[in-house]
2 protein chains.
Amino acid sequence: MSSSAFQAPPVLTLDELIAQRDDALRDYEALVRRGLSLDLTRGKPSARQLDLASRMLTLPSGHKAADGTDCRNYGGLQGLSELRAIFSGSLQVPVAQLVAAGNSSLSLMHDSIVHAMLGRLPGAERRWADEPRIAFLCPVPGYDRHFALCERFGIELIPVPMTDEGPDMDVVERLALEDPQIKGIWCVPKYSNPSGVSYGDETVRRLAAMPVAAPDFRIFWDNAYAVHHLTDTPAEIADLLALCEENGNPDRAFVFGSTSKITFAGGGVAFFGSSAANVAWLLGYTAKRTIGPDKINHLRHVEFLRDEDGLAEHMRHHRELIRPKFDAVETILTKELGGTGLASWSNPAGGYFISLDVLEGCAREVVSRAAGAGIALTPAGATHPYGNDPRDSTIRIAPTYPELDEVELAITGLATCVRLVGTEKLLEQAR
Amino acid sequence: MSSSAFQAPPVLTLDELIAQRDDALRDYEALVRRGLSLDLTRGKPSARQLDLASRMLTLPSGHKAADGTDCRNYGGLQGLSELRAIFSGSLQVPVAQLVAAGNSSLSLMHDSIVHAMLGRLPGAERRWADEPRIAFLCPVPGYDRHFALCERFGIELIPVPMTDEGPDMDVVERLALEDPQIKGIWCVPKYSNPSGVSYGDETVRRLAAMPVAAPDFRIFWDNAYAVHHLTDTPAEIADLLALCEENGNPDRAFVFGSTSKITFAGGGVAFFGSSAANVAWLLGYTAKRTIGPDKINHLRHVEFLRDEDGLAEHMRHHRELIRPKFDAVETILTKELGGTGLASWSNPAGGYFISLDVLEGCAREVVSRAAGAGIALTPAGATHPYGNDPRDSTIRIAPTYPELDEVELAITGLATCVRLVGTEKLLEQAR
């Protein structure tokens, strides 16, 4: 991940500032007149990306798993082992400790919390529902759906700043050690949502090794972009599960992943990986909830992806479609905002998002202005717990879903809004 | 549903009884020598039934829903409306109040309880997790997975006897009115698991209309066998949802169903139906758990089943495969046990099970003897809360999964076990 640093705003006279604001205003009015309707809100694959998996619609060619199981019938709670084998390497979880489930990793995170609330985690002194208070550490900026899950269960969200190496571990270690009610931390360790940061090895090691106050502390390791590279030098992150084991905290990590942004976003397969004890814990409760996952869809994925190489090859096709969109964002933001001191942004090496930081106090207004010009953005603040970005600065850009020309239009328009709101802010400060 | 009544045992001399026991023992020893390995435990479709949906493996032919939605992408929390339309009639739920979800109705029941535990049901004074005690009424014999769900969440199970018209409503009405901690009742209203009983209209009306102590009382209406007829005169049950509405209890019913025993047991679609308020309640929590169900699988089902007529036609093919197995059970049990006074059994008009009642105190021993002869049966007691059948009398027979000749072998063997254990019991009593 590289990121353009905020540059000190050029020293401008009041007249120069007014002229820039007027320019931006003219551009904005022209933008509004175009009557665009563009959507940069969610990290959805585009129709062309989904086309890459078209062949899946007529698979599987048979109905038997490698071990002879009839995938059409009930059973097989842990999911097809041949599918788990394809994802074991990229998710860094041994096949025997990996579960292949339904179509949503978010559901697995939800259910992990539910079972911790209403059952007892390995190591827990009591059910989370019986705790006076539960809190999770939330590196920010982060993923709004993680935060929403916690809010839904009354779990307190404690923000932790992100660095270029992952969450600020000094803060994480201090908080996790001093507060036994902190039961978890949300992590998107590779090409993080939305900053694009991949965790450094030392960050991962410290997460695995740090002493914590809660005996049932869990790292919710949402490795959503494990194979979603945008460059020839894929990010590699340290093996959390192995490090937890080595450091005497074998049950600390819950690993999540899915094929939602690999095959079909609505019809993929989600994965859970952890220690043998945690897997037995989850499957024990899951057995009450279902007789088994959709093994036909597992088989479909096995036939389509074949093996780890097939998966990597498929992801290269995604990259060919996505990369030009990320490049366009970088090019346009550099051209429109570079050197203005009005914004900085990430230039991620993978994942689905670009994080744009505008002048403090400007993000909501930028999003509002963009909406006024027909450009839908994720609400400002969504990247922070409770939707509250105290600096009102971070905007998440999701460039994958629109076609390339739409991305170009939308980002150009967004840059106009940043210029307008930014120069207005500077004027306000100058007066 | 018809059911052979227990007949008074013929009056036998001790010598005659001994001779019968010796006959049975000889037959049992011969049975054991055959070294069978047969399984009548679970209500699973057979491979031939699953073959009926083979065409589904190469569907869908496209990826667009009727409204133009790209089913490959995220979203569409309530599921495809064209799929809901196919099942609206048989499940007796208006399309707008029906949710099409993942592959398991058990999961929807589980999640409904979870959301009631950790959220607040319409009408509830508090979360179930904050109640001192929660109890459900359980008509017996019933479905072990329903009971297991309650046990998992610490919900007390209160047995209610079944009649030929459904649960004994005098008991249900009395208990539901006197105990505000009774929050629900499990019902399999059509071709009930395992007795085959379909609820009478008056039963359904009373369930909908009865005054109850708990403002958040719910009927868990597991209409698992809504279209699973074995005769030309399909059972029709009264419309619970409409009756609840008419009687001023619009939020009382949770309706569940699935295609597990229609298309693929592992790869079907599950449904939830209820009042608009309950649907909004469920979807509100579901939105935190997932971005949407597998709409590709919904579309696959729509293309395959087409419409309500297509569904009915498909179910006739199932019937052609299943009916001979149920007939074989009836024929063999009549031939082997008719007039002996040792057993009575159901002869259901639909569904997946036959309920066999043996002499009091004999069910466990029969199941154990059958296991000794290589015939696997659901554990005796499984049809009762906590696995405790106080009369030790009911055995659930699931004849769909084995091939016909295996069903014949298994039931003949089972009848031998019933004769052996029954005559031993009578001898014990006679001495």
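Residues numbered from 1 in each chain as written. Chains lettered and ligands numbered in written order. Predicted model: local features only at pLDDT ≥ 70, side-chain atom pairs only at ≥ 80, totals over all residues. Heavy atoms only, no water.

For this particular structure, what's the right way to read the overall build of chain A?
Helix and strand counts for chain A come out as 13 helices and 14 strands. In summary, chain A has a C-alpha radius of gyration of 23 Å against a globular reference of 22 Å for 431 residues, a match within 12%. The dimensions of chain A, computed from C-alpha atoms along their principal axes, are 75 × 55 × 35 Å. Of all 431 residues assigned to chain A, the portion counted as buried reaches 61%. (Helix = DSSP H or I, 4+ residues; strand = E, 2+ residues; numbered from the N terminus. Rg over C-alpha atoms; globule rule 2.2 N^0.38 Å. Buried < 20%, exposed > 50% of the residue type's maximum accessible area, 1.4 Å probe, protein only.)

Teacher, can you tell me more about the nonpolar core here?
Taken as a class, soluble globular proteins show a tendency for nonpolar side chains to be buried jointly. Grouped together as the largest cluster of nonpolar side chains are 118 residues, with contacts concentrated most on Phe87, Leu207, Trp221 and Leu240 of chain A together with Phe87, Leu207 and Trp221 of chain B. Setting aside chain neighbours within four positions, we find leucine 240 of chain A in contact with Val204, Leu207, Ala208, Ile219, Trp221 and Ala253 of chain A. Grouped together as the second largest cluster of nonpolar side chains are 68 residues, Met109, Met117, Phe147 and Phe256 of chain B included. (Core = buried A, V, L, I, M, F, W, Y, C linked by side-chain atoms within 4.5 Å. Contact = heavy atoms within 4.5 Å.)

Looking at this structure, how should I read the sheet that holds strand E8 (residues 218-222) of chain A?
Strand pairing within a sheet occurs via backbone hydrogen bonds; the two strands may be parallel or antiparallel. Residues and elements named next belong to chain A. Spatial strand order, E3-E10-E9-E8-E7-E4-E5-E6: eight strands in an open sheet with mixed pairing. Of all strands in the sheet, those bounded by a partner on one side alone are strand E3 (98-100) and strand E6 (166-167). The pairing of E3 with strand E10 (residues 270-273) spans three bridges and is antiparallel. By the bridge assignment for E10, leucine 98 is matched with glycine 273. (Pairing = 2+ DSSP bridges.)

Just to check I follow, could you spell out the relation of the copies chain A and chain B for this structure?
Take chain A, turn it by 180 degrees, move it 0.0 Å along the axis, and it overlays chain B with an RMSD of 0.0 Å. On the angle and the small slide along the axis, the relation comes out as a two-fold axis. Every residue of chain A has its C-alpha some distance from the rotation axis, and the shortest such distance is that of threonine 58 of chain A, at 1.9 Å. By residue overlap, the copies meet face to face through one surface: 100% of the interface positions of chain A are interface positions in chain B. (Least-squares fit on C-alpha atoms with pLDDT ≥ 70 in both.)

For this particular structure, what's the right way to read the interface of chain A and chain B?
Often, the extent of an interface is quoted as the loss of accessible area on bringing the components together. Each partner contributes residues to the interface: chain A has 55 residues there, and chain B has 55 residues. In this assembly, chain A packs against chain B so that about 4,400 Å² is buried in total across both faces, 53% of it on carbon and sulfur atoms. It is Arg72, Tyr74 and Arg289 of chain A in chain A that bury the most area against chain B; as a group they hold 19% of the surface buried on that side. The tally of links between chain A and chain B comes to four salt bridges. With a closest N to O distance of 2.7 Å, arginine 72 of chain B and aspartate 51 of chain A form a salt bridge. At the surface where chain A touches chain B, the tally comes to 20 residue pairs in polar contact (both at pLDDT 80 or more). When residues in the side of chain A that touches chain B are grouped by element, the largest group, eight residues, is from helix H4 (residues 105-118) of chain A. (Buried area = accessible area lost by both parts, 1.4 Å probe. Salt bridge = Lys/Arg side-chain N within 4 Å of Asp/Glu carboxyl O. Polar contact = N/O pair within 3.5 Å; in protein donor to acceptor, adjacent residues only side chain to side chain.)

Just to check I follow, could you spell out the domain arrangement of chain A for this structure?
All names here are of chain A. Per the domain assignment, the segments of chain A are domain 1 (2-50 + 312-430) and domain 2 (66-307). Spacing between the C-alpha centres of domain 1 and domain 2 amounts to 30 Å. Residue-level contacts link 29 residues of domain 1 with 34 residues of domain 2. Summed over both sides, the interface between domain 1 and domain 2 buries roughly 2,600 Å², with carbon and sulfur atoms accounting for 61% of that surface. If you sort the residues of domain 1 by the area they bury against domain 2, Met315, Arg319 and Tyr386 come out on top, with a joint share of 22%. One can count three salt bridges joining domain 1 with domain 2. In this structure, the salt-bridge partner of arginine 319 is aspartate 232, at a minimum N-O distance of 2.9 Å. Summed over the shared surface of domain 1 and domain 2, the number is 13 residue pairs in polar contact (both at pLDDT 80 or more). Within the residue set of the side of domain 1 that touches domain 2, elements represented by two or more residues are helix H11 (308-337), strand E12 (354-358) and strand E14 (394-397). With eight residues, the top contributor of residues to the side of domain 1 that touches domain 2 is H11. Here the side of domain 1 that touches domain 2 is composed, by residue class, of 13 nonpolar, eleven polar and five charged. (Domains from an automatic or database assignment. Nonpolar A, V, L, I, M, F, W, Y, C, P; charged D, E, K, R; others polar.)

For this particular structure, what's the right way to read the pairing of strand E11 (residues 343-347) of chain A?
Residue and element names in this part refer to chain A. Along E11, four of the five residues are buried, which leaves the element largely enclosed by surrounding structure. In this sheet, E12 lies alongside E11 in antiparallel orientation, the contact comprising three bridges. Bridge pairing links tryptophan 345 to leucine 356 in E12.

What should I look at first to understand the state of the cysteines in this one?
All names here are of chain B. Inspection of the entire model under this criterion finds zero disulfides over all chains. Free cysteine: cysteine 362, not disulfide-bonded; nearest cysteine sulfur from cysteine 417 at 12 Å. Judged by its relative accessible area of 2%, cysteine 362 falls in the buried class. (Disulfide = S-S within 2.5 Å.)

Just checking my understanding: could you explain unusual backbone geometry for this structure?
A cis amide bond, omega 0 degrees, links valine 140 of chain A with the succeeding residue proline 141 of chain A. Despite not being glycine, tyrosine 191 of chain B has its phi angle at roughly 50 degrees, a positive value. The residue tyrosine 191 of chain B is located in the loop between strand E7 (182-187) and helix H7 (201-209) in this model. When its relative accessible area of 1% is taken as the criterion, tyrosine 191 of chain B is described as buried. Within the chain, tyrosine 386 of chain B stands out as a residue other than glycine whose phi angle is a positive 60 degrees.

Help me understand the pairing of strand E14 (residues 394-397) of chain B in this model?
A regular strand places its side chains on the two faces of the sheet in alternate fashion. Residues and elements named next belong to chain B. Residues of E14 alternate between two faces, with Thr394 and Arg396 on one and Ile395 and Ile397 on the opposite face, all of them buried. For strand E12 (residues 354-358) and E14, the ladder comprises four bridges, and the chain directions are antiparallel. Note on E14: the bridge partner recorded for serine 355 is arginine 396.

Sorry, what's going on with the pattern of salt bridges here?
Opposite charge on two side chains permits them to pair, given that their charged atoms come into close proximity. Using the criterion set out here, one finds 56 salt bridges over all chains in the structure. Each of Asp27, Lys335, Glu336 and Arg419 of chain A takes part in a single network of salt bridges with overlapping partners.

What am I meant to see in the packing of aromatic side chains here?
The geometry of an aromatic ring pair comes down to the distance between the two centres and the angle between the two planes. Counted by the stated rule, this structure contains 30 aromatic pairs over all chains. Both rings, one in phenylalanine 254 of chain B and one in tryptophan 281 of chain B, keep their centres 5.9 Å apart while their planes meet at 20 degrees; by these two values the pair is stacked. Of this pair, phenylalanine 254 of chain B sits in strand E9 (residues 253-258) while tryptophan 281 of chain B sits in helix H9 (residues 276-289), and the two are 27 residues apart along the sequence. We note that phenylalanine 254 of chain B, like tryptophan 281 of chain B, is buried. Where tryptophan 281 of chain B meets tyrosine 285 of chain B, the ring centres are 5.8 Å apart and the plane angle is 90 degrees; that geometry is what we call edge-to-face. With tryptophan 281 of chain B and tyrosine 285 of chain B both in helix H9 and four residues apart, this pair spans about one turn of that helix. Of the residues examined, tryptophan 281 of chain B reaches a relative accessible area of 8% and is grouped as buried. Taken together, the aromatic side chains of Trp128, Phe136, Trp186, Phe220, Phe254, Phe256, Phe272, Trp281 and Tyr285 of chain A make up a single cluster linked through ring pairs. (Phe/Tyr/Trp six-rings, centres within 6.5 Å; stacked < 30°, edge-to-face > 60°.)

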